[in-house]
Amino acid sequence: MDGGGGGLKPMDSEQLREYGHQMVDFVADYYKNIENYPVLSQVEECFQIPYCFIAELYYFFGGFHLVVDVQSKILPGVTHWQSPNFYAYYPANSSVAGFLGEILSAGINMVGFSWITSPAATELEMIVLDWLGKLLKLPQEFLSSGHGGGVIQGSASEAVLVVLLAARDKTLRMVGKSALGKLVVYGSDQTHSALQKACQIAGIHPENCRLLKTDSSTDYALSPEIVSEAISHDISIGLIPFFLCGTVGTTSSATVDPLYSLAKIAKSNGMWFHVDAAYAGSACICPEYRKYLDGVEEADSFNMNAHKWFLTNFDCSALWVKDRNALIQSLSTNPEFLKNKASQANLVVDYKDWQIPLGRRFRSLKLWMVLRLYGVENLQNYLRNHIELARYFQVCVGQDPRFEIVAPRKFSLVCFRLLPPVDDNETRGSNKLNQDLLEAVNSTGRVFITHTALSGMYTLRLVVGAPLTERRHIDAAWKVLQDEAFTLLCSPLQENGNLPKSPPPIGFFGNGFKAEPLPQK
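Remember, it's a predicted structure, so these values are computed and weren't measured experimentally. (Residues numbered from 1 in each chain as written. Predicted model: local features only at pLDDT ≥ 70, side-chain atom pairs only at ≥ 80, totals over all residues. Heavy atoms only, no water.)

Quick word on the packing of helix α8 (residues 224–236) against helix α9 (residues 259–268)
Where α8 meets α9, the axes come as close as 10 Å, and the angle between the chain directions of the two elements is 15°. Between α8 and α9, the interaxial angle falls into the category roughly parallel. Along this stretch, α8 crosses α9, giving a crossing that reads as right-handed. Contact residues: α8 offers Pro 224, Val 227, Ser 228 and Ile 231, while α9 offers Ser 261, Leu 262 and Ile 265. The residue makeup of the contact of α8 with α9, split by class, is five nonpolar, two polar and no charged. (Axes fitted to C-alpha atoms, helices over the stretch in contact; angles between N-to-C directions. Helix = DSSP H or I, 4+ residues; strand = E, 2+ residues; numbered from the N terminus. Parallel < 35°, antiparallel > 145°, perpendicular 65-115°, else oblique. Left-handed = near helix turned anticlockwise from the far one by under 90°. Contact = heavy atoms within 4.5 Å. Nonpolar A, V, L, I, M, F, W, Y, C, P; charged D, E, K, R; others polar.)

What follows is the structure, encoded as structure tokens:
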């Protein structure tokens, strides 16, 4: 192709076919060989993509060498979220169906902010979110046939922001705009930090964002009694409680807040109740886990991230509300250049009025592809398999007396820590030991895990959720953890010549205890 003059053809179908084949082959090979890459990028903090690469200005077309550049210059600085050995944060699933939906969305490349800009985009989104809502057994009020409905946001952070804005404005219409400084938001110290950011954006005073303390007595779930006390106190000093956030699957430990009890408190105080199930909501399509959503029928809004654990490529965060008009009243703008007959007659849904930005991608294609290509039973078994692998890892940890489980496991997240030597029970020493273990494990490149803090304890998190993870990967991760723990615990004694400089045989731990047999494969 001639890169000069008027010969540029940015969307030439034959060139797309040629280069597209190369890129699909590259991505397919990437997944085939993904285990060969260190999970966590091993570059240093001062790493920069080679200067000659980023500084070079391509004045002339030089052929399609991007795959070579990606392999040599980009991938060294990539952390591989789709690796079967990625156990950090929460997963960000990818799948063939999600990938194909992404290709189709990029190929069509429409901007569906209103119905008229692409009717199929709006209507498919309504359909697939009704499908998913029914899989989750959400109440009828959350479906598009009523006064509510679903909308795809970019993230759970955007979801909680838009419903917080809707709740804020609904309250201010009743009490007056001058009362903004009196509005109070409630969550727990385990609620995602997105709630704090939403408060900052919405103009809620930082001191009026109540993140109530949790502890092990409730498995780090939000206590209804503490919530009631906090609300009563705030009302007594002239403040206005207006928003309560409950979580199904907190980030630190995947605990579940008591939705029904919290919903009753919110309702009795005229508050908006939002349920954040960004991670664990996916599991609730399985009948045996649906119980964790009990009480959602009393909520005003509900959110789960299909791009976390539901095989839908990022980004695809599903939000349902009972009252769509609450969103529209807060977020709608209607400039002359966007007016059209269908919108003016209120005959259609315009999703621009349900979100922060104007423009939006055809994201529902990805979710539609996932639901159509895989079906409910396959998706349920996919989720169950990850939960079973997490249970298996929990058994491994529980049988090694050097470690302890820190919080109960409900889904596919295991919270654990390495115990300090018997003569070192100080929390500070234990925290440093586990921080050292985390850094040692991640530096191997064979595993990537992250941490949290529970009751002041530095706690390691291993979450199973990558599409390619199998039991052999769990075994390998546990071996890395055991080896690095042995090194950390025994290095002072090795220096004194009291222990061998290699890990003990499999099944025999460094402190002299033998393991119970692990579950059979």
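Some remarks on the sheet that holds strand β3 (residues 209–212)
Here we have seven strands laid out as an open sheet, ordered β1-β7-β6-β5-β4-β2-β3, and mixed in their pairing. Each edge of the open sheet carries a strand with a single partner, namely β1 (149–153) and β3. Within the sheet, the average angular offset between the axes of one strand and its neighbour, ignoring direction, is 20°. Two elements, β1 and strand β7 (residues 317–321), share five bridges in a ladder whose sense is antiparallel. By the bridge assignment, Gly 149 is partnered in β7 with Val 321. Running over the sheet, helix α6 (residues 156–175) touches β1, β2 (183–188), β4 (240–247), β5 (272–276), β6 (301–305) and β7 and is turned about 155° from β4. (Pairing = 2+ DSSP bridges.)

Looking at the environment of Leu 211
Along the chain, the position of Leu 211 falls in strand β3. Residue classification places Leu 211 among the partly exposed residues on the basis of a relative accessible area of 31%. Spatially, the C-alpha atom of Leu 211 lies 10.0 Å from that of Cys 245, the residues being 34 residues apart in sequence. Setting aside chain neighbours within four positions, we find Leu 211 in contact with Gly 187, Ser 188, Asp 189, Leu 195 and Gln 196. (Buried < 20%, exposed > 50% of the residue type's maximum accessible area, 1.4 Å probe, protein only.)

Here we look at the UniProt feature "modified residue: N6-(pyridoxal phosphate)lysine" (unreviewed entry) in the chain
Residues annotated in UniProt with the feature "modified residue: N6-(pyridoxal phosphate)lysine" (unreviewed entry) correspond here to Lys 308. Looking at the secondary structure, you find Lys 308 in helix α10 (residues 306–309). Once residues within four sequence positions are removed from consideration, Lys 308 is found in contact with Tyr 90, Pro 91, Ala 92, Asn 93, Ala 278 and Tyr 279. (UniProt positions renumbered as here; feature names shortened; annotations may be inferred.)

Considerations on the packing of aromatic side chains
The tally for this structure, following the rule as stated, stands at 19 aromatic pairs. With a centroid separation of 6.1 Å and an interplanar angle of 50°, the aromatic rings of Phe 242 and Phe 243 are classed as tilted. For Phe 243, a relative accessible area of 0% translates into the label buried. Ring-pair connections join several aromatic residues into one group, and the members of that group are Tyr 90, Tyr 279, Tyr 289, Tyr 292, Trp 309 and Phe 411. When the ring centre of Phe 142 is taken as origin, the NZ or CZ atom of Lys 322, which lies over that ring, is 5.7 Å away. The ring of Tyr 90 has Arg 461 sitting right over it, with the charged end atom 5.0 Å from the ring centre. (Phe/Tyr/Trp six-rings, centres within 6.5 Å; stacked < 30°, edge-to-face > 60°. Lys NZ or Arg CZ within 6 Å of the ring centre and 35° of its normal.)

Here we look at the confidence of the model for the chain
Averaged over every residue, the pLDDT of the chain is 89; the share at 70 or more is 88%. Residue range residues 504–519 is modelled with pLDDT below 50. Its contacts to residues more than four positions away, or to other chains, number 30 contacts. (pLDDT = per-residue confidence, 0-100.)

Structural notes on the nonpolar core
Core analysis: the largest hydrophobic core is formed by 73 residues, its most contacted members being Leu 136, Phe 302, Phe 310, Trp 320 and Phe 411. In terms of residue count, the dominant contributor to this core is helix α13 (residues 364–398) (nine residues). Setting aside its immediate chain neighbours within four residues, Phe 310 contacts Asn 93, Leu 132, Ser 282, Ile 285, Met 304, Leu 367, Val 370, Leu 371 and Leu 379. Listed in part, the 34 residues of the second largest apolar core include Leu 183, Ala 194, Ile 204 and Phe 242. (Core = buried A, V, L, I, M, F, W, Y, C linked by side-chain atoms within 4.5 Å.)

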